[in-house]
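Below are the chains, spelled out letter by letter.
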Amino acid sequence: MSSLAAAEDMTQQEPAKVIQPAWVRAMHWTNAVAMIMMIMSGWQIYNASPLFRFSFPGSITLGGWLAGGLLWHFAAMWLLMVNGLIYLITGFATGRFRRKLFPITPTGVISDVKAALTFRLAHDDLSKYNYVQKLLYAGIIVVGIVIVLSGLSIWKPVQLQWLTALFGGYDTARYVHFICMASIVAFLVIHVVLALLVPKSLRAMIIGR
Amino acid sequence: MGRMRKLLIPGVDKKLLVKDAMKVMPDLTRRRFISAGASLGALTMLTGCDVVDSDSADQFLAQVSKFNDAVQAWIFNPDALAPTYPESMITKPFPFNAYYDLDDAPEIEGKDWKLEVRGLVDNKKSWTLDELYKLSQVKQVTRHICVEGWSAIGSWTGTPLRDFLKLIGADTKAKYVWFQCADKEGYNSPLDMRTA
């Protein structure tokens, strides 16, 4: 009798919830690789004609020289764009974006930022994003789209002259592209630090739960 | 022929140089789109090899570059023209860009200089500046965008290359037009025929 009851208990127990489905994890890491290649080769290209009074040290660039940087940049862009596009389509089609990223309220953001800065932001249920996460994850998706579009506009300013004009002309578009990169790098730093501070979130992105 | 040699990189056999460059030049016909696309399956090459600096990485990058050329040939409008600007927007001063200082720029005597013509053309006569100026001139104010990333709006006056090629009976079925400058080491570059 008792063994049957025990067996029933076992079947009643819920399986560990999947926090990050396989497609999210695969696309996340693919994007990470692609984004790092884009940033490093992008820095190599920047060095050929810097926008500001500094250059990126050769040890952190990819390509060796302008031509090499361009080749890597225009190769990795396919990985970034194709993976990114499939991610956007799947995110919208499965309703994941709606469920995970909305709503974002100003009061929610303010209170969660305060809690985060005082190390009081709880992470009990990893399947629910707090307001800081929602804002940054939604935000980085938008920045990702803008960086791709601004990149295309400075790569093909004659063929895509309407797009280049949308970004304020060729010179301004270069700055838009750079600022997006800086935003992504800033996000990366915060993102990696926080993932390491809450290791179970990193685990969830690797094995799903 | 002797004068020609002075313009090329010293110590390099110009025939072999052209042959080498031809190998790297992409084939602009659409047929190649499929073969270039198929070799993207060589992504598996990335596993287990020194990704960044090796020959296989270079080969892979070259293949992707050809693929990009094919995609662009497929989706872009070959007749698209660069936007023009009012003269007030001309960049002043116009940037000087070279691997040497302005003071070290070579001095070319205008009245002695000639445009030499070679290759798949009917009329290989050389042209002096005065002869070139007599041809019909066109002016445009467009943005020069360097591959390095900087740009400057300038006013460009001269004979359209397209008209000049017609005049000298150039074989427009050729894929590239190659020009060489009269500067220190003969800076040269190709231009694809469609753009020319």
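Residues numbered from 1 in each chain as written. Chains lettered and ligands numbered in written order. Predicted model: local features only at pLDDT ≥ 70, side-chain atom pairs only at ≥ 80, totals over all residues.

## Digging into the environment of A:Q133
Residue and element names in this part refer to chain A.
Logical step 1: Assignment of secondary structure puts Q133 in helix α6 (residues 131–155).
Logical step 2: Taking the number of C-beta atoms within 10 Å as the measure of exposure, Q133 has 20 and is therefore buried.
Logical step 3: Along the primary structure Q133 and S59 are separated by 74 residues, whereas in three dimensions their C-alpha atoms are 32 Å apart. (Helix = DSSP H or I, 4+ residues; strand = E, 2+ residues; numbered from the N terminus. Buried ≥ 20, exposed ≤ 12 C-beta atoms within 10 Å, placed from the backbone.)

## As for helix α5 (residues 106–117) of chain A
Logical step 1: Over its twelve residues, α5(A) runs 16 Å from end to end, which matches the ideal 16 Å to within 8%, given 1.5 Å per residue.
Logical step 2: Downstream of α5(A) by a residue or two, A:F119 has a phi angle that is positive, lying close to 55°. (Expected span 1.5 Å × (residues − 1).)

## So, the interface of chain A and chain B
Logical step 1: Contacts between the two partners involve 16 residues from chain A and, on the opposite side, 16 residues from chain B.
Logical step 2: Looking at the side of chain A that touches chain B, the elements that each hand over two or more residues are α2 (22–48), α3 (66–93) and α8 (170–197) of chain A.
Logical step 3: At five residues, the largest contribution of residues to the side of chain A that touches chain B is made by α3(A). (Contact = placed C-beta atoms within 7 Å.)

## What about the confidence of the model for chain B?
Predicted coordinates in regions of low pLDDT should not be interpreted in detail.
Residue and element names in this part refer to chain B.
Logical step 1: Summing up the model confidence of chain B, the mean pLDDT is 80 and the portion of residues at 70 or higher is 73%.
Logical step 2: Scored below 50 in pLDDT, residues 1–8 shows four contacts in the model against residues more than four places distant or in partner chains.
Logical step 3: Scored below 50 in pLDDT, residues 29–49 shows 22 contacts in the model against residues more than four places distant or in partner chains.
Logical step 4: Scoring of the predicted complex yields 0.81 for pTM and 0.85 for ipTM. (pLDDT = per-residue confidence, 0-100.)

## Here's the deal with the packing of α2(A) against α3(A)
Residue and element names in this part refer to chain A.
Logical step 1: Axis separation between α2 and α3 bottoms out at 8 Å; the angle between their running directions is 150°. Classed by the angle they form, the pair α2 and α3 counts as roughly antiparallel. By crossing handedness, the relation of α2 to α3 is classed as left-handed.
Logical step 2: Along the lines of polarity and charge, the residues of the contact of α2 with α3 split into 17 nonpolar, eleven polar and no charged. (Axes fitted to C-alpha atoms, helices over the stretch in contact; angles between N-to-C directions. Parallel < 35°, antiparallel > 145°, perpendicular 65-115°, else oblique. Left-handed = near helix turned anticlockwise from the far one by under 90°. Nonpolar A, V, L, I, M, F, W, Y, C, P; charged D, E, K, R; others polar.)

## A few points about the nonpolar core
Logical step 1: Core analysis: the largest hydrophobic core is formed by 22 residues, its most contacted members being A:M37, A:M38, A:I39, A:W72, A:A75, A:A76 and A:L80.
Logical step 2: When contributions to this core are tallied by element, the ones reaching two or more residues are α2, α3 and α8 of chain A together with α4 (55–75) of chain B.
Logical step 3: Setting aside residues up to four positions removed in sequence, A:M38 forms contacts with A:H73, A:A76, A:M77 and A:L80. (Core = buried A, V, L, I, M, F, W, Y, C linked by C-beta atoms within 7 Å.)

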